[in-house]
Amino acid sequence: MKTFTYDIGIQPVGSTDNDVVIVQFGDGYAQRQPKGLAPRLEHWQASKVGNKATIDEIKAFLDAHTVTPFLWRVTSDEPLRKYIAKDISRSPQGGSKWTLNWTMQQVLA
């Protein structure tokens, strides 16, 4: 499994999905239960500004990992976790500068 080692440059923004089953009763009472073995998965919005060659290289890595997971760590003190790439987009910023935006969705397998 490959590891994402590129410098993102702009600090990613993370959030957590909590997958729960909610049963709502008529009197306002609700029962909540986690769905599955891992109901909490993270996803990170990331961006990189750079020259076209750098952006194309990162995009090629992300395009190759929309189904097959890769390893990545948010900070050096966190463990490596498995992610796939989603919502990949790029745009020219003028001259040789480009912006690449994507989401890293945590997966278990």
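About the criteria used
- Residues numbered from 1 in each chain as written.
- Predicted model: local features only at pLDDT ≥ 70, side-chain atom pairs only at ≥ 80, totals over all residues.
- Heavy atoms only, no water.
- Phe/Tyr/Trp six-rings, centres within 6.5 Å; stacked < 30°, edge-to-face > 60°.
- Helix = DSSP H or I, 4+ residues; strand = E, 2+ residues; numbered from the N terminus.
- Buried < 20%, exposed > 50% of the residue type's maximum accessible area, 1.4 Å probe, protein only.
- Lys NZ or Arg CZ within 6 Å of the ring centre and 35° of its normal.
- Core = buried A, V, L, I, M, F, W, Y, C linked by side-chain atoms within 4.5 Å.
- Contact = heavy atoms within 4.5 Å.
- Pairing = 2+ DSSP bridges.
- Salt bridge = Lys/Arg side-chain N within 4 Å of Asp/Glu carboxyl O.

Trainee: Teacher, can you tell me more about the packing of aromatic side chains here?
Mentor: Aromatic rings considered in pairs are described by the distance between their centres and by the relative angle of their planes. Applying the stated rule across the entire model yields ten aromatic pairs. Judged by centre distance (5.8 Å) and plane angle (70°), the rings of Tyr6 and Phe61 are edge-to-face. Here Tyr6 is found in the segment before strand E1 (10-18), whereas its partner Phe61 is found in helix H1 (residues 52-63), with 55 residues between them in sequence. Of the residues examined, Phe61 reaches a relative accessible area of 10% and is grouped as buried. Here the aromatic rings of Phe70 and Tyr83 are separated by 6.5 Å at their centres, their planes lie at 35°, and the arrangement is tilted. Of this pair, Phe70 sits in strand E5 (residues 70-72) while Tyr83 sits in strand E6 (residues 81-94), and the two are 13 residues apart along the sequence. The exposure classification of Phe70 matches that of Tyr83, with both residues buried. Aromatic rings pair up to connect Phe4, Tyr6, Trp44, Phe61, Phe70, Trp72, Tyr83 and Trp102 into one cluster. Here the guanidinium or amino end of Lys52 rests over the ring plane of Trp98, the centre of that ring lying 5.3 Å away.

Trainee: I would appreciate a short explanation of the nonpolar core in the present structure.
Mentor: The tendency in soluble globular proteins is for nonpolar side chains to be buried side by side. Formed by 17 residues in total, the largest nonpolar core has its most connected members in Phe4, Leu62, Phe70, Trp72, Trp102 and Met104. The set of elements that each furnish at least two residues to this core consists of strand E4 (40-51), H1, E5, E6 and strand E7 (97-106). In this structure Met104 touches Ile8, Glu42, His43, Trp44, Ala46, Phe70, Trp72, Tyr83 and Ile84, once residues within four positions along its chain are discounted.

Trainee: Would you take a moment to explain the pairing of E6 for this structure?
Mentor: Taken residue by residue, a regular strand's side chains alternate between the two faces of the sheet. Where E5 lies against E6, three bridges are found, and the strand directions are antiparallel. Each residue of the ladder has a partner; that of Phe70, found in E6, is Tyr83. Pairing geometry for E6 and E7, over nine bridges, is antiparallel. Among the inter-strand pairings, Ala85 is bridged to a residue of E7, identified as Met104. The hairpin formed by E6 and E7 contains two residues between the paired strands, and Gly95 there has a positive phi angle of roughly 65°.

Trainee: Please clarify how the pattern of salt bridges should be interpreted in this entry.
Mentor: Any two side chains of opposite charge can pair, on the condition that their charged atoms come close. Counting across every chain of the model gives five salt bridges. Between Asp56 and Arg90 there is a salt bridge whose closest N-O contact spans 2.5 Å. Of this pair, Asp56 sits in helix H1 while Arg90 sits in strand E6, placing them 34 residues apart in sequence. The partner of Lys59 in a salt bridge is Asp63, and the shortest N-O contact between them spans 2.8 Å. Of the two residues, Lys59 and Asp63 are both situated in helix H1; the distance of four residues between them amounts to about one turn of the helix. The exposure class assigned to Asp63 is partly exposed, which follows from its relative accessible area of 38%. Linked through salt bridges whose partners overlap, the residues forming this network are Glu42, Glu78 and Arg81.

The analysis is restricted to geometry; functional conclusions fall outside its scope.
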